[in-house]
Structures are given as structure tokens and as C-alpha cells.
Amino acid sequence: MGHLFYSFFKTLVGQPVTVELKNDLAITGVLVSVDQFLNIKLDNIKVVDEERYPHMLAVKNCFIRGSVVRYVQLPAPSVDTALLQDAARRERQQPATGARK
């Protein structure tokens, strides 16, 4: 399923997203890139709770390690749920590679 998310996030490059981290920091910015580990690069960032994280006010772009992401909020018009459901169905039907016997 990881490859599905990677492919999907690549289609959102240039779109505004909000990334919430496991430490409760939420950052809104423009998605610049994403890699196969779901590491995310954002530009023009703004912290959702500036009073709680005043040290982040000067930061304009960031790299977020995929393992610290709790979830990503996406712009609703950018999400084609029918396409995602179809892709998930197709991926689930593919035989697993490297399966033990």
C-alpha cells in the first residue's frame, strides 16, 4: 500500500497541504516533493499554532521525515476518491513479492 500513497502524493506537488506531526506540531505549506519513504518537503510554511511554536515563525521551508508524520490534510478538490479506491483494489489483487512458502 505504501507505493500507492507515494504515487498519490506525487500528484499533489504544488498543492497546499497541512502536515500534523506526532509531536502535535501542525505545519501548512506547499508540497514541493515527496519520496518513497514519504519524506515531505514544504515551501512557504506556516505553523498552525504560532503561539505554541513561536520559534517556527522565521522558518520558510522544511523537510519532514516520513516516520514522524501523524497525518496529512489534503485539499478536498485534489482528492479523486474513485481513482484511489480503484488503485487500492488493483494493488491488493497483485500477488505479494517475496512471500514465504
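Identification of the chain as LSM complex subunit LSm2 from Linnemannia hyalina is taken from an unreviewed UniProt entry.

(A) Quick look at unusual backbone geometry. We note that Leu 38 has phi near 60°; this positive angle belongs to a residue other than glycine. One can find Leu 38 in the loop between strand S2 (26-34) and strand S3 (40-47).

(B) The nonpolar core, seen in detail. Ranked by size, the top nonpolar core spans 20 residues in total, and within it Val 19, Leu 25, Ile 27, Ile 40, Leu 42, Met 56 and Ile 64 carry the most contacts. Here this core gets four residues from one element, more than from any other, and that element is S3. Once you skip the residues sitting within four places of it in the chain, Leu 42 turns out to touch Val 17, Val 19, Ile 27, Gly 29, Val 30, Leu 31, Val 32, Asn 61, Cys 62 and Ile 64.

(C) Broad picture of the pattern of salt bridges. This structure, assessed with the given rule, holds three salt bridges. For Arg 70, the salt bridge is made with Asp 24, and the minimal N-O distance between the two is 2.8 Å. Of this pair, Arg 70 sits in strand S5 (residues 69-73) while Asp 24 sits in the loop between strand S1 (16-21) and S2; the two residues are 46 residues apart in sequence, bridging distant segments of the chain. Across the pair Glu 50 and Lys 46 runs a salt bridge, and its minimum N-O distance is 3.4 Å. According to the relative accessible area criterion, Lys 46 is exposed, its value standing at 52%. Shared partners join several salt bridges into a network, and the residues in it are Glu 20, Asp 24 and Arg 70.

Reading the values: rules and limits
- Residues numbered from 1 in each chain as written.
- Predicted model: local features only at pLDDT ≥ 70, side-chain atom pairs only at ≥ 80, totals over all residues.
- Heavy atoms only, no water.
- Helix = DSSP H or I, 4+ residues; strand = E, 2+ residues; numbered from the N terminus.
- Core = buried A, V, L, I, M, F, W, Y, C linked by side-chain atoms within 4.5 Å.
- Buried < 20%, exposed > 50% of the residue type's maximum accessible area, 1.4 Å probe, protein only.
- Contact = heavy atoms within 4.5 Å.
- Salt bridge = Lys/Arg side-chain N within 4 Å of Asp/Glu carboxyl O.

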